[in-house]
Amino acid sequence: ILDYVKDVNLNIKKVSAKDQIAVIFAQGEIQGGEGNVNTIGEGSINRALKEARKNDKIKAVVLRVNSPGGSALTSDIIFVMKGVLEEFEPDYVCLHGDTSTTMAASVAAFYSGAKICHIEAGLRTHNKYSPFPEEMNRQITGRIADYHFAPTKLSKKNLILENIAEEAIIVT
């Protein structure tokens, strides 16, 4: 976050913190290699995670992936994320939204043994085909998640109706 604050040029004279959170943002289709501004390369993501892990001030990492996902891509995401999670060994993985990437990363995080935090949890249409594939991605991620950050009271109600423990839901 501190690098981000410096990069966006907010004219802050001094930025310091004892404990920090690293935010790694990736956008585009996931592919092997380095990637570029329109694609996510496993090499660049792995390098960013390694750098965060080496920094003693960083106590948590938020990996924000915005990718279109899709049929074969889902298995690729699980495969790539499995390797990243095995190396990094996070206690918690925070996932946002209802993309196929979010769903696949939640599966990989579950396999790794990490606790899963789902941000924007509980949004439902109750029609698995609308929107497609987002509604099923929401439901799968919701079943796997340990902590649910719901944007509204209705979202919380949806989760409770799905037998999610109320103490695991936080309305943001």
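Every value quoted in this text rests on a predicted model; they were computed, and no experiment measured them.

## Quick look at the environment of Leu-95
Tracing the backbone shows Leu-95 in strand β6 (residues 92-96). Assessed through its relative accessible area of 7%, Leu-95 is described here as buried. C-alpha separation for the pair Leu-95 and Ile-119, spaced 24 residues apart in sequence, amounts to 5.9 Å. Aside from chain neighbours lying at most four places away, what touches Leu-95 is Thr-102, Ala-105, Ser-106, Ile-116, Cys-117, His-118 and Ile-119.

## Points about the confidence of the model for the chain
Residues of the chain with pLDDT of at least 70 account for 84%, and the chain-wide mean is 82. Within the chain, the lowest mean pLDDT, 43, falls on helix α1 (residues 2-7), and the highest, 98, falls on helix α6 (residues 153-161). Every residue in residues 1-10 is under pLDDT 50, and counting partners more than four places away or in other chains gives nine contacts.

## Regarding the pattern of salt bridges
Enumeration over the complete set of coordinates arrives at six salt bridges. Here Arg-124 and Glu-162 are joined by a salt bridge, their closest N and O atoms 2.7 Å apart. You can see Arg-124 sitting in the loop between β7 (115-119) and α5 (134-144) and its partner Glu-162 sitting in the loop between α6 and β9 (169-171), a full 38 residues away along the chain. Per residue, the accessibility class of Arg-124 equals that of Glu-162, and both read buried. Through salt bridges with shared partners, one network takes in Asp-98, Glu-135 and Arg-138.

## A word on empty space enclosed by the protein
In the structure shown here, the tally under the stated rule is four cavities of 30 Å³ or more. Size it by volume and the largest cavity reaches roughly 130 Å³. In terms of lining, the largest cavity is formed by Leu-49, Val-61, Leu-63, Met-81, Val-84, Leu-85, Phe-88, Pro-90, Tyr-92, Val-93, Cys-94 and Leu-95. Elements with a minimum of two residues in the lining of the largest cavity: β5 (58-66), α3 (71-88) and β6.

Calculation notes
Residues numbered from 1 in each chain as written. Predicted model: local features only at pLDDT ≥ 70, side-chain atom pairs only at ≥ 80, totals over all residues. Heavy atoms only, no water. Helix = DSSP H or I, 4+ residues; strand = E, 2+ residues; numbered from the N terminus. Buried < 20%, exposed > 50% of the residue type's maximum accessible area, 1.4 Å probe, protein only. Contact = heavy atoms within 4.5 Å. pLDDT = per-residue confidence, 0-100. Salt bridge = Lys/Arg side-chain N within 4 Å of Asp/Glu carboxyl O. 1 Å grid on protein atoms, 1.4 Å probe; cavity = no way out; pocket = protein on both sides within 12 Å on 5 of 7 lines; lining within 4 Å. Points joined across faces, edges and corners; volume = space filled by probe spheres on them.

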